[in-house]
Amino acid sequence: MSWTQVLCFSLLLVSLASSEYATLVQSTPLLAVSPGATARLQCEVKNVKPETLFMNWIRQSPGQRPEGVLSYSKEQNVYRAPNITDRFVPSRDTSNHFLTISNVQAQDDSVYYCFVYYSSAGVQTWGEGTRLRVNGGDRRKPKVSLFPPAQEEINTSDRGTLSCLVSGFYPGYLEVLWQVDGEERSQEVLKGQAALGEDHTYSLSSYLSIPGEEWKKGSRYTCVVKHEALENSLETSVTYRECSSLQ
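Residues numbered from 1 in each chain as written. Predicted model: local features only at pLDDT ≥ 70, side-chain atom pairs only at ≥ 80, totals over all residues. Heavy atoms only, no water.

## Remarks on unusual backbone geometry
Phase 1: With omega at -5°, the peptide bond leading from Y170 into P171 counts as cis.
Phase 2: The topology assignment puts P171 in the loop between β13 (159–169) and β14 (175–180).
Phase 3: Of note, N103 is a non-glycine position whose phi angle comes to about 50°, a positive value.
Phase 4: Locating N103 in the fold gives a position in the loop between β8 (96–101) and β9 (110–118).
Phase 5: Here D158, not a glycine, exhibits a phi torsion of approximately 60°, which is positive.
Phase 6: Judged by its relative accessible area of 45%, D158 is partly exposed. (Helix = DSSP H or I, 4+ residues; strand = E, 2+ residues; numbered from the N terminus. Buried < 20%, exposed > 50% of the residue type's maximum accessible area, 1.4 Å probe, protein only.)

What follows is the structure in structure tokens.
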């Protein structure tokens, strides 16, 4: 039986013996280890007993599709996905499920999620995800380009869009923040997904929508980029006056 068949079958095995569903908590967002070390990922189980769950683990890297890792049955049987070796071992105790990865390798760098599916109710419960970061290896610093709103957009809609293009970085985990006159702004922000290029580096774009009047009054807009290859955040700013002086 293939891992995919086992996963589909596992979705049918979870029964609703209780009116409560499991709550899964991955309280460690980032776990950094060196190559060759052992990493242990924790998935805390609340509301139900861990031994009543058919636990699944998947992982996802930026710009790539989710990849199955393994399933762990209530009877403690292990079903690994293709290309997953016995370096990946599940376990559980009275409060948690665990995924232990021995002899960690560079390709293990990813975000790992635990999840359970209640088929009869169509309910899924997921952990928040834990990034396993493998230290060392290739790290490339991002390049940032900040583009002001198009004047035509402001004239026709009385709003404008600032575009922050970040490129050339690796790995693909990146945080982009916007500031207006030094104050962080999270509303009217749209961030794209990281895309992996042919040169094996990532790029993504983040957009900030602003009122046309705010732009024209001279506020300073800053795109702040944080990445593990940078010692400090990378900041690029623009104002209406700076753009007007170039016209």
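## A closer look at the packing of aromatic side chains
Phase 1: This model, assessed by the stated rule, comprises eight aromatic pairs.
Phase 2: Ring centres of F169 and Y202 lie 6.1 Å apart, and the angle between their planes is 25°; this geometry places the pair in the stacked category. Within this pair, whereas F169 is found in strand β13, its partner Y202 is found in strand β18 (residues 202–211), the two being separated by 33 residues in sequence.
Phase 3: Between Y170 and Y202 the ring centres are 6.0 Å apart and the planes differ by 25°, which places this aromatic pair in the stacked class. On the criterion of sequence distance, the pair formed by Y170 in the loop between β13 and β14 and Y202 in strand β18 is long-range, its members being 32 residues apart.
Phase 4: Clustering of aromatic rings is evident, with ring pairs tying together Y113, F115 and W126.
Phase 5: In this arrangement the basic side chain of R40 is found over the ring face of F98, its NZ or CZ atom lying 3.7 Å from the centre. (Phe/Tyr/Trp six-rings, centres within 6.5 Å; stacked < 30°, edge-to-face > 60°. Lys NZ or Arg CZ within 6 Å of the ring centre and 35° of its normal.)

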